[in-house]
Amino acid sequence: MADLTTNFIGITSPNPFWLASAPPTDKEYNVRRAFEAGWGGVVWKTLGEAGPPVVNVNGPRYGAIYGADRRLLGLNNIELITDRPLEVNLEEMKRVKRDWPDRTLIASLMVPVNEDAWREILHRVEDTGCDGVELNFGCPHGMSERGMGSAVGQVPEYVGQVAHWCKKHSSLPVIVKLTPNITDIRKPALAAKEGGADAVSLINTINSITSVDLDSFSPEPSIDGKGAHGGYCGPAVKPIALNMVAEIARDPATRGLPISGIGGVTTWRDAAEFMALGAGNVQVCTAAMTYGFRIVQEMISGLSQYIDDKGFASVDQLVGRAVPNVVNWQDLNLNYVAKARISQDDCIKCGRCYAACEDTSHQAIAMSPDRVFTVKDDECVACNLCVNVCPVEGCITMEPMAAGAVDPRTGEVVRREYANWTTHPNNPGRCAAE
Amino acid sequence: MSDNALTPGIVAGRLDPQHLAENFTDLHPALDDHEALVAADRCYFCHDAPCITACPTDIDIPLFIRQIATGTPEAAARTILSQNILGGMCARVCPTETLCEEACVREAAEGKPVLIGRLQRYATDTLIAQGVHPFTRAAPTGRRIAVVGAGPAGLACAHRLAMHGHDVTLYDGRAKPGGLNEFGIAAYKSTDSFAAREVDWLMQIGGITLETGKRLGREVSLAGLREDFDAVFLGIGLGGVNALGLNGEDREGMRDAVDFIADLRQAGDLARLPIGRDVVVIGGGMTAVDAAVQARLLGALNVSLVYRRGRDRMNASRYEQDLATSKGVRIITNATPIAVHGNGAVREVEFEYTDDDLNPTGQRFRLAADQVFKAIGQTLEGAELPDLEGRKIAVTGAGRTSLPGVWAGGDCAAGGDDLTVTAVAQGRDAAEDIHASLTGRAS
Ligand SMILES: Cc1cc2nc3c(=O)[nH]c(=O)nc-3n(C[C@H](O)[C@H](O)[C@H](O)COP(=O)(O)OP(=O)(O)OC[C@H]3O[C@@H](n4cnc5c(N)ncnc54)[C@H](O)[C@@H]3O)c2cc1C
Ligand SMILES: Cc1cc2nc3c(=O)[nH]c(=O)nc-3n(C[C@H](O)[C@H](O)[C@H](O)COP(=O)(O)O)c2cc1C
Ligand code: SF4
Ligand code: SF4
Ligand code: SF4
């Protein structure tokens with residue numbers, strides 16, 4: 001079993017799996033049990049200023065969408081930051097860190113945008129012995145209306161300013177947690193970097209309404225007949241999060257800025273994908289809320305098997321490995337030609353590929369009277385839709401055509417050399433090949 | 001129809017070879033990758049999962065199924081094997097319908113449990129096929145332990161002791177290891193010599209010296225073993241069989257079901273294994289069902305399984321009873337054998353119907369029989385054993401017997417369920433207890 005020890009901005013954890021700041025990390029009882037289950041670290045539920053804590057609604061806080069078999073795919077919440085007194089949280093954090101020195105404990109913070117408020121809270125959390133702070137600029141509901149959370153995260157200048165204050169008033173590593181409710185994620189990331197932050201973490205939750213009750217006409221979750229938009233998370237948000245992580249990892253202005261990947265991590269594979277796209281570790285919330293703390297065991301065993309199988313010396317060798325392969329569309333090789341192939345041995349003859357291709361794509365699948373489905377190479381554009389809708393994994397594959405062969409669809413010879421849109425004859429703005 | 005299909009008496013070749021091969025393939029074929037993913041997807045990853053509680057070896061079922069679902073069946077196998085080193089065999093032979101799958105919440109929800117047994121097989125087969133033995137031995141302790149009996153209990157005990165760094169000598173009276181895995185389990189549950197392959201794979205841990213053909217009470221004595229070793233584990237199973245106590249019990253054609261099954265399991269060519277045309281099996285447990293079903297599969301024309309109490313009291317699970325009837329076995333209950341008729345060879349068995357308290361009703365009937373299999377229970381055999389409780393070795397805690405330094409587990413020990421999986425659990429737990437007491441960490 002590979003050693004999963006991870007060093008993230010100087011903080012060592014026995015594995016790269018941290019619990020994200022959220023209900024799973026809201027109190028000592030949870031965090032102790034999480035550490036017992038094997039989590040490498042936690043970001044404690046976001047702390048606010050001293051004084052009377054925020055209050056949460058007393059009705060449902062969560063809404064969900066499901067896949068087949070009621071598998072939870074997306075969760076939405078209207079919860080706020082911790083609703084327990086600051087002093088209580090700080091004492092608990094201190095005790096837990098004392099008893100679990102090898103695990104990471106990060107304090108998540110959200111206070112109003114003024115220097116004194118940040119200096120004050122930083123001094124108090126330093127005393128807990130925590131390993132770093134995460135600035136919560138992401139919460140999309142409740143706190144943003146008070147000028148905090150995503151209201152800060154959506155303004156890069158504020159992000160940079162607060163990061164700067166934090167570095168100035170504390171020696172702790174600073175992670176800036178980004179909101180995805182923004183057009184270009186690279187802007188706040190760059191601001192965080194320029195403000196001196198050690199890392200960014202993303203994504204926080206996405207503005208959302210999960211469903212509407214068609215009898216009461218209230219959005220869900222419904223509080224006395226009304227609903228507010230909430231923050232969306234879980235497996236459904238992973239593709240959005242992966243893209244945002246990759247954008248930061250490959251932009252020259254932010255490249256090299258350490259990233260803690262968050263959003264829909266449910267299995268070791270999800271984690272490995274985030275890491276391949278540049279995340280130095282991952283944080284998990286919804287998966288723990290759906291299945292309990294024990295899922296980390298699968299993440300640990302799966303990732304170590306993968307690291308072993310790949311022959312990597314450590315998780316570091318995985319981090320960023322896919323980044324060079326993330327390119328802009330115009331850099332994709334237009335001379336690469338593939339065709340769908342249906343394995344007749346695996347096909348169960350449901351016809352979904354046919355319906356998809358015939359009705360909505362390129363009419364490239366033939367159906368015989370006895371329900372044999374085959375690809376018409378002279379029509380297939382290799383769009384992948386049939387692969388995506390086929391219920392049998394691996395039944396339809398995309399096979400690249402060898403250079404020199406003739407593509408029956410275009411009648412052209414498949415060329416070996418790479419050529420992209422920038423030099424394509426149809427491109428009015430093409431630049432001459434050098 | 002082959003020439004011998006209707007031939008009276010006990011003859012070989014009632015079915016043609018192809019038919020035989022079909023009959024004796026896997027009862028539950030291995031899941032392919034797609035089937036395994038679909039099956040794994042149904043698991044809810046329950047908290048404090050009832051399936052784990054129902055497994056005698058406490059395998060972390062939700063974890064291993066999740067590991068399959070995420071494409072790491074090898075990790076799933078490690079999860080299984082760390083609790084149950086014979087997880088491959090148990091996946092094939094456990095009566096899951098009364099264990100993990102009965103407890104599965106999806107049995108409650110839809111009457112269709114997650115296919116835990118078959119997923120367990122999928123995972124363990126994957127790892128074993130790769131030839132990987134996922135465990136290594138701890139530093140040598142210099143302690144030597146004798147394990148007597150290389151059945152599931154003895155194998156599990158030996159493996160765990162070897163893992164802890166002890167040196168194990170594993171004695172078995174038979175020429176081959178495996179116990180009933182090799183000689184007893186129905187052929188359609190352990191195909192392709194799986195029992196033997198699993199033992200070879202298990203022995204890769206190292207530190208276990210196998211001594212076959214060494215029988216306690218014959219080549220070795222318990223006193224001698226206690227003298228020569230730091231501890232002794234007895235996993236000798238139940239070597240004897242109960243007798244019916246009837247006149248004519250020794251007539252030709254009368255056999256112990258376990259012997260018939262052992263012959264079947266060791267037969268190189270099933271087409272050459274003789275079987276009766278009219279077969280009667282007496283008993284109500286797993287052995288009776290296995291004998292009856294396999295008699296049918298060999299081509300016996302009429303097979304009746306006769307049990308003295310009601311269906312609900314049969315030790316064979318409902319699932320196995322249904323398996324028997326689906327193979328064409330006729331199950332007759334509340335009937336006790338009272339006479340074996342025939343002239344030299346058995347011709348008929350006479351029964352009397354009994355009520356639920358086994359009181360005779362006076363109503364009798366006869367069944368034609370050219371072969372009769374007795375399956376009314378096995379018994380412990382052997383002299384100079386530790387104290388008994390009833391007819392098995394008395395144990396306290398994790399298999400401690402009345403003799404210091406001697407542990408026992410599996411079928412030979414009192415209090416078990418007489419299942420492969422309980423034998424494994426007891427062998428493993430005794431090994432942990434032996435380890436703790438030898439290393440001074442006894443509780
Ligand atoms: C026909 C049949 C079918 C069964 N089917 C199933 C099933 O489908 N599922 C299930 O879970 N269980 C089944 N069982 C029960 C299961 O096989 C046993 O519970 C299990 O094998 C017990 O393991 P064990 O190690 O205690 O004993 P055994 O498997 O009996 O092994 C004992 C070993 O000790 C050796 N031995 C015995 N005496 C001595 C001696 N004096 N000296 C040295 N060696 C000795 C034997 O040769 C043997 O190798 C079945 C049993 C039978 C008889
Ligand atoms: C109920 C709930 C409460 C949350 N509270 C916080 C919070 O206090 N601070 C914070 O930074 N993020 C909070 N989050 C966001 C999570 O930390 C995480 O960024 C997000 O859920 C995406 O990860 P996931 O898909 O693994 O859930 C919360 C999420 C949920 C579901
Ligand atoms: S999960 Fe627990 S706290 Fe929440 S509604 Fe259900 S019982 Fe109440
Ligand atoms: S969708 Fe897949 S399984 Fe269904 S007909 Fe097409 S190739 Fe066959
Ligand atoms: S009870 Fe069934 S659904 Fe629940 S964990 Fe066990 S196998 Fe999975």
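Residues numbered from 1 in each chain as written. Chains lettered and ligands numbered in written order. Predicted model: local features only at pLDDT ≥ 70, side-chain atom pairs only at ≥ 80, totals over all residues. Heavy atoms only, no water.

Under an unreviewed UniProt entry, the name given to chain B is Glutamate synthase (NADPH/NADH) small chain, and the organism recorded is Roseovarius azorensis.

The name given to chain A in an unreviewed UniProt entry is dihydrouracil dehydrogenase (NAD(+)), with Roseovarius azorensis as the source organism. Check the Function (unreviewed entry) section of the UniProt entry for chain A; it says "Involved in pyrimidine base degradation. Catalyzes physiologically the reduction of uracil to 5,6-dihydrouracil (DHU) by using NADH as a specific cosubstrate. It also catalyzes the reverse reaction and the reduction of thymine to 5,6-dihydrothymine (DHT)." Chain A has a UniProt comment under Sequence similarities (unreviewed entry) that states "Belongs to the dihydropyrimidine dehydrogenase family." (UniProt positions renumbered as here; feature names shortened; annotations may be inferred.)

**Q** Explain the confidence of the model for chain B to me, please; I cannot follow it from the model alone.
**A** A low pLDDT score tells you not to read the predicted coordinates there in detail. For chain B, per-residue confidence averages 95 on the pLDDT scale, and 99% of positions sit at 70 or higher. Across the interface, the model reports ipTM at 0.86; the global pTM reads 0.91. (pLDDT = per-residue confidence, 0-100.)

**Q** I would appreciate a short explanation of the sheet that holds strand E14 (residues 230–233) of chain A in the present structure.
**A** Note on sheets: strands pair through backbone hydrogen bonds, and any given pair is parallel or antiparallel. Residue and element names in this part refer to chain A. Read from one edge to the other, the open sheet built from 4 strands follows the order E5-E6-E14-E11, with strand pairing classed as antiparallel. Where the open sheet ends on each side, the last strands, each with one partner, are strand E5 (62–66) and strand E11 (206–208). Adjacent strand axes in the sheet meet at a mean angle of 35° when their direction is disregarded. Across 5 bridges, E5 lies against strand E6 (residues 72–77) in antiparallel orientation. (Pairing = 2+ DSSP bridges. Helix = DSSP H or I, 4+ residues; strand = E, 2+ residues; numbered from the N terminus. Axes fitted to C-alpha atoms, helices over the stretch in contact; angles between N-to-C directions.)

**Q** How should the packing of aromatic side chains be read in this particular structure?
**A** The geometry of an aromatic ring pair is captured by the separation of the ring centres together with the interplanar angle, meaning the angle of the planes. All names here are of chain A. Counted by the stated rule, this structure contains 12 aromatic pairs over all chains. Seen in terms of ring centroids, Phe-35 and Trp-100 are 5.5 Å apart; in terms of plane orientation they differ by 50°. Their pairing is tilted. In this pair, Phe-35 is assigned in helix H1 (residues 28–37) and Trp-100 in the loop between helix H2 (86–99) and strand E7 (104–109), connecting sequence segments 65 residues apart. For Phe-35, a relative accessible area of 1% gives the class buried. A centroid spacing of 6.5 Å and a plane angle of 65° characterise the contact between Trp-329 and Trp-421, whose relative ring orientation is edge-to-face. One end of the pair, Trp-329, is in the loop between helix H10 (295–310) and strand E17 (338–342); the other, Trp-421, is in the segment after strand E20 (396–400), with 92 residues separating them in the sequence. In this structure an aromatic cluster arises from ring pairing among Trp-268, Tyr-306 and Phe-312. The side chain of Arg-70 reaches across the aromatic face of Tyr-66, ending 4.3 Å from its centre. (Phe/Tyr/Trp six-rings, centres within 6.5 Å; stacked < 30°, edge-to-face > 60°. Buried < 20%, exposed > 50% of the residue type's maximum accessible area, 1.4 Å probe, protein only. Lys NZ or Arg CZ within 6 Å of the ring centre and 35° of its normal.)

**Q** Would you mind going over the site of ligand 4 with me for this structure?
**A** For ligand 4, the set of nearby residues contains 13 residues, the closest of which are Cys347(A), Cys350(A), Gly351(A), Cys353(A) and Cys390(A). Looking at the shell around ligand 4, its residues break down into 10 nonpolar, 1 polar and 2 charged. (Near = heavy atom within 4 Å. Nonpolar A, V, L, I, M, F, W, Y, C, P; charged D, E, K, R; others polar.)

**Q** Looking at this structure, I do not really get the interface of chain B and chain A. What am I missing?
**A** Counting from both sides, the interface comprises 17 residues of chain B and, opposite them, 17 residues of chain A. Ranking the residues of chain B by area buried against chain A places Phe45(B), Arg66(B) and Thr70(B) at the top, with a combined share of 37%. One can count 4 salt bridges joining chain B with chain A. Notably, a salt bridge pairs Asp41(B) with Arg71(A), separated by 3.6 Å at the nearest N-O pair. One can count 10 residue pairs in polar contact (both at pLDDT 80 or more) joining chain B with chain A. Those elements giving two or more residues to the side of chain B that touches chain A turn out to be helix H2 (33–41), helix H4 (61–69) and helix H5 (73–83) of chain B. When grouped by side-chain class, the residues that make up the side of chain B that touches chain A number 6 nonpolar, 5 polar and 6 charged. (Contact = heavy atoms within 4.5 Å. Buried area = accessible area lost by both parts, 1.4 Å probe. Salt bridge = Lys/Arg side-chain N within 4 Å of Asp/Glu carboxyl O. Polar contact = N/O pair within 3.5 Å; in protein donor to acceptor, adjacent residues only side chain to side chain.)

**Q** Help me out: how do you make sense of helix H3 (residues 115–126) of chain A in this one?
**A** At 3.6 residues per turn, the α-helix brings residues three or four places apart onto the same side. Residue and element names in this part refer to chain A. Over its 12 residues, H3 runs 16 Å from end to end, which matches the ideal 16 Å to within 8%, given 1.5 Å per residue. For H3, every residue scored as buried is listed here: Ala-117, Trp-118, Ile-121, Leu-122 and Val-125. One face of H3 carries all of its buried residues, which in axial projection span an arc of 125°. Considering only its buried residues, H3 is in contact with strand E4 (41–47), H2, E7, strand E8 (132–136) and helix H5 (156–169). (Expected span 1.5 Å × (residues − 1). Arc of directions from axis to C-beta.)

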